[in-house]
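If you want the building blocks of each chain, they are given just below.
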Amino acid sequence: MQLTNTVIVKRGNIIESEHEIHVAVVDYKGNLLAFTGDTSRVVFARSSMKPIQAIPIVETGTADKFNFSDADLSLCTASHNGEPMHTDRVLAILARAGLDETALRCGIHNPRWEDTYKSLILNGKEITPLYNNCSGKHTGMLATAVKMGETTDDYYLLDHPVQQRILKIVSEVCDYPADKIEIGIDGCGVPVHGVPLNHLAYGFARMAHPNGLGEKRERAIRRITKAMTAAPEMVGGTERFCTDFMRVGNGRFIGKAGAEGVYCIGDLETGIGIAIKVSDGNGRAAYPAAMEVLKQLNALTDEQYEALKNYHRPHLLNTRKEVIGEIVPVFQLQKTDTKDF
């Protein structure tokens, strides 16, 4: 029996796979406006939490002390490709903080951008933590530790002041008690936060419309969202949905992917937050789901949809680059009588 809240994978005339989807759409007042699936499900936000995790960089004065540009701050929210524009900027920020790439504790993986990976191999260079997609976030954490006079060798541990500040802010922005937040360890070694999906959506609604959070918090959030929309290439990179979505949105949206099929959106025009979780963690369903939610909410103009339509129902290609199927979202959001969750 086919589930109703799914993204399906079709090959020929057969539904080959189904990905169960959970979505919460919440406004900045805390009202659940629309949903599918289980909005109370606790999810690790993974890298989708990075815009919220960046708030201390501004609130502590770190961004001012080290002269962060929009592109610098945007990079601190990134899951980047490891293109030169990303790695060069990481090194520049670290240098201004009196550090180098040996301070990074994010671990090593191959760069996402194939040209970077090929260049490293051809030139006999080592793959270092600099190329980790989270090196921008870690750089922001390190700079904050330097600004606050804290240790830098253990900044990634939960009991470090850097992580405790982040935990407190996640709790405040998502309106969820800190002692109830589930704590795990992310792929890059720092704590990862588990909150109910509707509270994650609420966090992004408040990122989109921070009025009422206090002048300091509001100013910090607006600086971060401005940075992300002004320099979306830092958040992802070439051929990445986050970057393309924010660029096409022309300042209206922030969007951030997270591992295991998470995607979050803040609509700066309406103050709506969207949080999406793919049950089986398969990221191939996240972007089609995000596009379907935006389409059902009438959030995109015809021109914006046209520019992003390849993310909505992406084709499946074989090794001959022939189209042999597609990924199709088939869920319908349920509208609610506006109510607080």
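This text goes with the structure placed above it.
Sequence order sets the numbering: in each chain, residues are counted from 1 along the sequence as written. At least 70 in pLDDT is required for a residue's local features to be given in this predicted model, at least 80 for side-chain atom pairs to be given and counted, and no such filter applies to totals for whole chains, interfaces and linings, which use all residues. Processing note: side-chain calculations cover all non-hydrogen atoms of the structure and skip hydrogens and water entirely.

Right, let's get into the overall build of the chain. What counts as a helix is a DSSP run of H or I of at least four residues, what counts as a strand is a run of E of at least two, and both are numbered from the N terminus. Looking only at helices and strands, one finds 13 helices and 12 strands in the chain. In summary, the chain has a C-alpha radius of gyration of 19 Å against a globular reference of 20 Å for 341 residues, a match within 12%. For the C-alpha atoms alone, the extent of the chain along its principal axes is close to 60 × 55 × 35 Å. A burial count over the chain gives 56% of its 341 residues as buried. Contacts were defined at the residue level, with two residues in contact if any of their heavy atoms lie within 4.5 Å. In the chain, the proportion of contacts linking residues at least 24 apart, taken out of those at least 6 apart, comes to 64%. For the chain, the exposed area adds up to about 14,500 Å²; of that, 47% sits on carbon and sulfur atoms. Every radius of gyration here is taken over C-alpha atoms, with the globule rule written as 2.2 Å times N^0.38, N being the number of residues. To sort residues, take the accessible area from a 1.4 Å probe on protein chains only and compare it with the maximum for the residue type: under 20% means buried, over 50% means exposed, and anything in between is partly exposed. Using the Shrake-Rupley algorithm and a 1.4 Å probe, accessible areas are obtained, with residue cover drawn only from the displayed protein chains.

Time to look at the nonpolar core. Looking at soluble globular proteins, one finds that nonpolar side chains tend to be buried together. Nonpolar core, defined: a set of buried Ala, Val, Leu, Ile, Met, Phe, Trp, Tyr and Cys residues in which side-chain atoms within 4.5 Å join the residues together. Judged by nonpolar contacts, the single largest core of 100 residues is most densely connected at Ile52 and Leu200. Dropping the residues within four chain positions of it, Ile52 is found in contact with Ile169, Val170, Val173, Cys174, Gly203, Phe204 and Met207.

A positive phi angle is found at Glu239, which is not glycine, with a value near 60°. Mapped onto the secondary structure, Glu239 falls in the loop between α10 (215–230) and α11 (241–249). With a phi angle near 65°, Lys321 is a residue other than glycine that sits in the positive phi range. Assignment of secondary structure puts Lys321 in the loop between β10 (315–317) and β11 (323–329).

On to the packing of helix α5 (residues 84–96) against helix α7 (residues 135–147). Convention adopted: a line fitted to C-alpha atoms gives each axis, helices being fitted over their contacting stretch, and angles between N-to-C directions are expressed from 0 to 180 degrees. Two numbers describe how α5 lies on α7: the axes approach to 10 Å, and their chain directions differ by 10°. The orientation of α5 relative to α7 falls into the category roughly parallel. When α5 is examined against α7, the residues Val90, Ile93 and Leu94 are found in contact with a partner set consisting of Ser135, Gly136, Thr139 and Leu142. In this count, Pro and Cys sit with the nonpolar residues alongside Ala, Val, Leu, Ile, Met, Phe, Trp and Tyr, while Asp, Glu, Lys and Arg are called charged and the others, Gly among them, polar. Within the contact of α5 with α7, the residues separate by chemical class into 4 nonpolar, 3 polar and no charged. Roughly parallel means an angle under 35 degrees; roughly antiparallel, over 145; roughly perpendicular, 65 to 115; everything else is oblique.

Salt bridges, as used here, are contacts in which a Lys or Arg side-chain nitrogen is within 4 Å of a carboxyl oxygen on Asp or Glu. Overall, the coordinates contain 19 salt bridges when judged by the stated rule. Residues Arg217 and Glu172 are paired through a salt bridge, measuring 3.0 Å at the closest nitrogen-oxygen approach. One end of the pair, Arg217, is in helix α10; the other, Glu172, is in helix α8 (residues 161–174), with 45 residues separating them in the sequence. Judged by relative accessible area, Glu172 falls into the partly exposed class, the value being 32%. A single salt-bridge network, built from bridges that share partners, covers Glu59, Lys168, Glu172 and Arg217.

What follows covers the packing of aromatic side chains. Any two rings among Phe, Tyr and Trp, with Trp reduced to its six-membered ring, count as a pair given centres within 6.5 Å; such a pair is stacked if its planes are under 30 degrees apart, edge-to-face if over 60, and tilted if neither. The tally for this structure, following the rule as stated, stands at 8 aromatic pairs. Between Tyr263 and Tyr287 the ring centres are 5.7 Å apart and the planes differ by 90°, which places this aromatic pair in the edge-to-face class. Taken together, the positions of Tyr263 in strand β8 (residues 262–267) and Tyr287 in helix α12 (residues 286–296) put the pair 24 residues apart, joining distant regions of the chain. What links up through ring pairs into an aromatic cluster is the set Phe241, Phe245, Phe253, Tyr263, Tyr287 and Tyr311.

For two strands to be treated as a pair, DSSP must find no fewer than two bridges joining them. In this sheet, strand β3 (residues 31–36) lies alongside strand β2 (residues 14–27) in antiparallel orientation, the contact comprising 4 bridges. Bridge pairing in β3 links Ala24 to Phe35. Hairpin connection from β2 to β3: 3 residues lie between these consecutive antiparallel strands, with Gly30 at a positive phi of about 95°.

Spatially, the 3 strands line up as an open sheet ordered β4-β6-β5, and their pairing is antiparallel. Unpaired on one side and paired on the other, β4 (42–44) and β5 (182–185) mark the two borders of the sheet. The mean angle between the axes of side-by-side strands here comes to 30°, regardless of whether they run parallel or antiparallel. In this structure, β4 lies alongside strand β6 (residues 191–196), joined through 3 bridges in antiparallel fashion. Of the residues in β6, the one forming a bridge with Phe44 is Gly194. Of the strands in this sheet, β4 and β6 are in contact with helix α9 (residues 197–208), which crosses β6 at around 105°.

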